[in-house]
Structure formats: structure tokens, C-alpha cells
Amino acid sequence: MPADVSGPPVLLLHGSGPGTTGAAWDPLAAALAPRHRVIAPDLLGFGASPRPAGSLREAWTRQALELVDSLGVDSFAVVGNSAGAAIALSIAAARPRAVTRVVAVGAMGHAMELPAGLDALWAYATPSLERARELLELINCDPAAATPEAVEGRYRATLAQPWYPELFPPPRQRWVDDLALTRTELEG
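Residues numbered from 1 in each chain as written. Predicted model: local features only at pLDDT ≥ 70, side-chain atom pairs only at ≥ 80, totals over all residues. Heavy atoms only, no water.

Draft legend 1. Broad picture of helix α2 (residues 56-70). If you check α2, its first and last C-alpha atoms are 21 Å apart, about what 15 residues at 1.5 Å a residue would give, namely 21 Å. The inward-facing, buried residues of α2 contact β1 (9-13), β3 (76-81), α3 (83-94), α7 (173-179) and α8 (183-187). You can read the cap of α2 off the contacts: a side-chain oxygen lies 3.4 Å from the backbone nitrogen of Arg 57, and it is on Ser 55. Just beyond α2, the residue with positive phi is Gly 72, at close to 75°. (Helix = DSSP H or I, 4+ residues; strand = E, 2+ residues; numbered from the N terminus. Expected span 1.5 Å × (residues − 1). Contact = heavy atoms within 4.5 Å. Polar contact = N/O pair within 3.5 Å; in protein donor to acceptor, adjacent residues only side chain to side chain.)

Below you can see the structure in the form of C-alpha cells.
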């Protein structure tokens, strides 16, 4: 994706849905690229990246910080969606002086019960066109979002991650708990 490497850096962190990658940010990345250095990685376990081991929060936070360090980025804004928002908050807690702003969309990262919709999302197991349509409707809360092109694209993306069900095995509440920051971290 094109980016002005001299502009202020923005780290974009995607959510945890099956078939999701950093490409989920392509429209926003294109809008930001003329004025910002855009960094939109695939979190561990998504796209072609290796699966994380142990705590997802620790692995994804470490991955993001190692990435910005490897790029020589000292300060940056971070935008995260859902589980990516939890990691955005975790990064800000880990390096408060490096993070200039946080935008947390549909944020996880706080203590909560596993929502039924998230449980259904993480339980996604057998890729099919019908399941891809259901997934798009679940993610977007809108049946109109499941256009034939979008369904085909999501289906192809889920085929690229056949081991996705292994990422969030039951009991899934533990993954919500793992992504939660402490009250002190959130207040900071």
C-alpha cells in the first residue's frame, strides 16, 4: 500500500474474525496514505503470519512493538478494531510516551462476558460460501453487506486460514479475559 513514509506514522490493527487481515484497512489506509506513514500488519495467526503461542495479548502486543521498532518508528498513532483495539490499548499501556493517539473501534480490552456474536465468530469452523455469507452478515449486522463479491472474497480468505478454529478453542471466555487490560492499565 502506498504511504508517505515522512508523515506521522499510524499503526492499524485488525480484528479477530476468520479471514481477516491487515487488508481490512485498505480503504482507510488509502485515505491516510497521502499524509501518514501507514502500517497495517497481519496479526500473528492471520494471513500468512505464523500462529501465536500463549497469551494472544502478549504475542500481538510484542509483535506490534517489534514491528514499529524494526521500522525505526519512535512515536505513532494506533487504530484498532475489536481485538485489535485491545492490542492498541495494550500498546499504549506498554509505551505511553510512544503512542500519540488511540482510536479503539468496537473495543475489546476490558473485562466482560463473552458476547454471543463473538462466540459465534470465533467458532467459525468449516469454510463454505453459505458460512461466508453468514459471517459477513454477523460482522456487518447487515444482510446487504453480503454481496456475491464480498461473500466470495471472505470465502477465499477463510480458505487461506484452515486452522482458524485452533486460534480460539473453547472455552472462549479465556480469550476475552486474556485480551482484557487491568483497571490500572486502562486508567493510564
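Draft legend 2. Looking closely at empty space enclosed by the protein. Going through the model one piece at a time under the given rule, you end up with one cavity of 30 Å³ or more. Quantified by volume, the largest cavity comes out at close to 30 Å³. Residue lining of the largest cavity: Tyr 124, Ala 125, Pro 127, Thr 158, Gln 161, Pro 162, Tyr 164 and Pro 165, and that is the complete set. Split by residue class, the lining of the largest cavity holds six nonpolar, two polar and no charged. (1 Å grid on protein atoms, 1.4 Å probe; cavity = no way out; pocket = protein on both sides within 12 Å on 5 of 7 lines; lining within 4 Å. Points joined across faces, edges and corners; volume = space filled by probe spheres on them. Nonpolar A, V, L, I, M, F, W, Y, C, P; charged D, E, K, R; others polar.)

Draft legend 3. Expanded view of the sheet that holds β3. Strands sit in the order β2-β1-β3-β4 across an open sheet of four strands; the sheet is parallel. Edge positions in the open sheet fall to β2 (37-39) and β4 (99-105), since each of these has one partner strand only. The sheet shows a mean angle of 15° between the axes of neighbouring strands, direction not considered. Here six bridges tie β3 to β4, and the two strands are oriented parallel to one another. Among the inter-strand pairings, Val 78 is bridged to a residue of β4, identified as Val 102. Strand contacts of α3: β1, β3 and β4, with the helix running at about 150° to β3, the strand carrying the most contacts. (Pairing = 2+ DSSP bridges. Axes fitted to C-alpha atoms, helices over the stretch in contact; angles between N-to-C directions.)

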